[in-house]
Amino acid sequence: GRPWFDAFSTCIIAAVMNDRGQVLLQRETRRPDREVLVAGYIKPGESAEDAACREIAEETGLTVTALRYVASYPHMDGNMLMLGFAATADGEPNPDSSEILSDRWATMADAVRSLREGSIAQQLVKVIQRQ
């Protein structure tokens, strides 16, 4: 007899770019057959911006020099709301994570082709590409 509210998680997804306008694509141990963008959960008491910078540092070893909110994306399979960011970082990736198999810099066009068709990652890169 009590009201029930749907529960969902809030996450970030970030297109990390270098000063040449290239996007960092990664392969994760849990999905080695596909390339992805940096993503992760927002921790309690953490802002979305802080979560984006933390996840980027954890998954790439890079320090964010600029961060911009782009759009939000519902992810119904995972019952999540993903907050999309465009981030700029200096240097070369050096992840301190057992989750990441490899990473590479790709042009925007190559990133759109390489990311799973219709994925949130691909949608985010397409929006950034148009801006």
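Going by the structure above, here's the rest.
Computed from a predicted model, the values in this text were never measured in an experiment.

### Here's the deal with the layout of surface pockets
Here is step 1 of the chain: For the largest pocket, the calculated volume is near 640 Å³.
Here is step 2 of the chain: Taken together, 28 residues form the lining of the largest pocket, with Arg 30, Arg 31, Ala 39, His 75 and Met 82 sitting closest to its centre.
Here is step 3 of the chain: Secondary-structure elements contributing two or more residues to the lining of the largest pocket are strand 1 (9-17), strand 3 (31-36), strand 4 (38-41), helix 1 (48-60), strand 6 (80-89) and helix 3 (120-130).
Here is step 4 of the chain: For the lining of the largest pocket, the per-class residue count stands at 12 nonpolar, five polar and 11 charged.

### Looking at helix 1
Here is step 1 of the chain: In this model helix 1 runs 18 Å from its N-terminal to its C-terminal C-alpha over 13 residues, within 8% of the 18 Å that 1.5 Å per residue would give.
Here is step 2 of the chain: Of all the positions in helix 1, only Ala 48, Ala 51, Ala 52, Arg 54, Glu 55, Ile 56, Glu 59 and Thr 60 are classed as buried.
Here is step 3 of the chain: As for helix 1, its buried residues are in contact with strand 1, strand 2 (23-28), strand 4, strand 5 (64-75), strand 6 and strand 7 (100-106).

### A few points about the pattern of salt bridges
Here is step 1 of the chain: One pass over the structure, following the stated rule, counts nine salt bridges.
Here is step 2 of the chain: In this structure, Asp 19 and Arg 20 form a salt bridge, with 3.7 Å as the shortest nitrogen-oxygen distance.
Here is step 3 of the chain: Classification of Arg 20 as exposed rests on a relative accessible area of 56%.
Here is step 4 of the chain: The salt bridge partner of Glu 58 is Arg 54, with a shortest N-O separation of 3.4 Å. Here Glu 58 pairs with Arg 54, and both are found in helix 1, just four residues apart, close to one helical turn.

### With respect to helix 3
Here is step 1 of the chain: Those residues of helix 3 that fall on the buried side of the exposure criterion are Ile 120, Ala 121, Gln 122, Leu 124, Val 125 and Ile 128.
Here is step 2 of the chain: Of the surrounding secondary structure, the elements contacted by the buried residues of helix 3 are strand 1, strand 2, strand 5, strand 6 and helix 2 (108-114).

### A word on the state of the cysteines
In a disulfide, the sulfur atoms of two cysteines are held together by a covalent bond.
Here is step 1 of the chain: Evaluation of the coordinates by the stated rule reveals zero disulfides.
Here is step 2 of the chain: Of all cysteine sulfurs, the one in Cys 53 lies closest to Cys 11, which takes part in no disulfide; the gap is 16 Å.
Here is step 3 of the chain: Residue Cys 53 is classed as partly exposed on the basis of its relative accessible area of 31%.

### A few points about the pairing of strand 3
Here is step 1 of the chain: Direction of pairing for strand 2 relative to strand 3: antiparallel, over a ladder of three bridges. Of the residues in strand 3, the one forming a bridge with Gln 26 is Val 36.
Here is step 2 of the chain: Linking strand 2 back to strand 3 in an antiparallel pair, the connection comprises two residues.

Parameters and conventions
Residues numbered from 1 in each chain as written. Predicted model: local features only at pLDDT ≥ 70, side-chain atom pairs only at ≥ 80, totals over all residues. Heavy atoms only, no water. 1 Å grid on protein atoms, 1.4 Å probe; cavity = no way out; pocket = protein on both sides within 12 Å on 5 of 7 lines; lining within 4 Å. Points joined across faces, edges and corners; volume = space filled by probe spheres on them. Helix = DSSP H or I, 4+ residues; strand = E, 2+ residues; numbered from the N terminus. Nonpolar A, V, L, I, M, F, W, Y, C, P; charged D, E, K, R; others polar. Expected span 1.5 Å × (residues − 1). Buried < 20%, exposed > 50% of the residue type's maximum accessible area, 1.4 Å probe, protein only. Contact = heavy atoms within 4.5 Å. Salt bridge = Lys/Arg side-chain N within 4 Å of Asp/Glu carboxyl O. Disulfide = S-S within 2.5 Å. Pairing = 2+ DSSP bridges.

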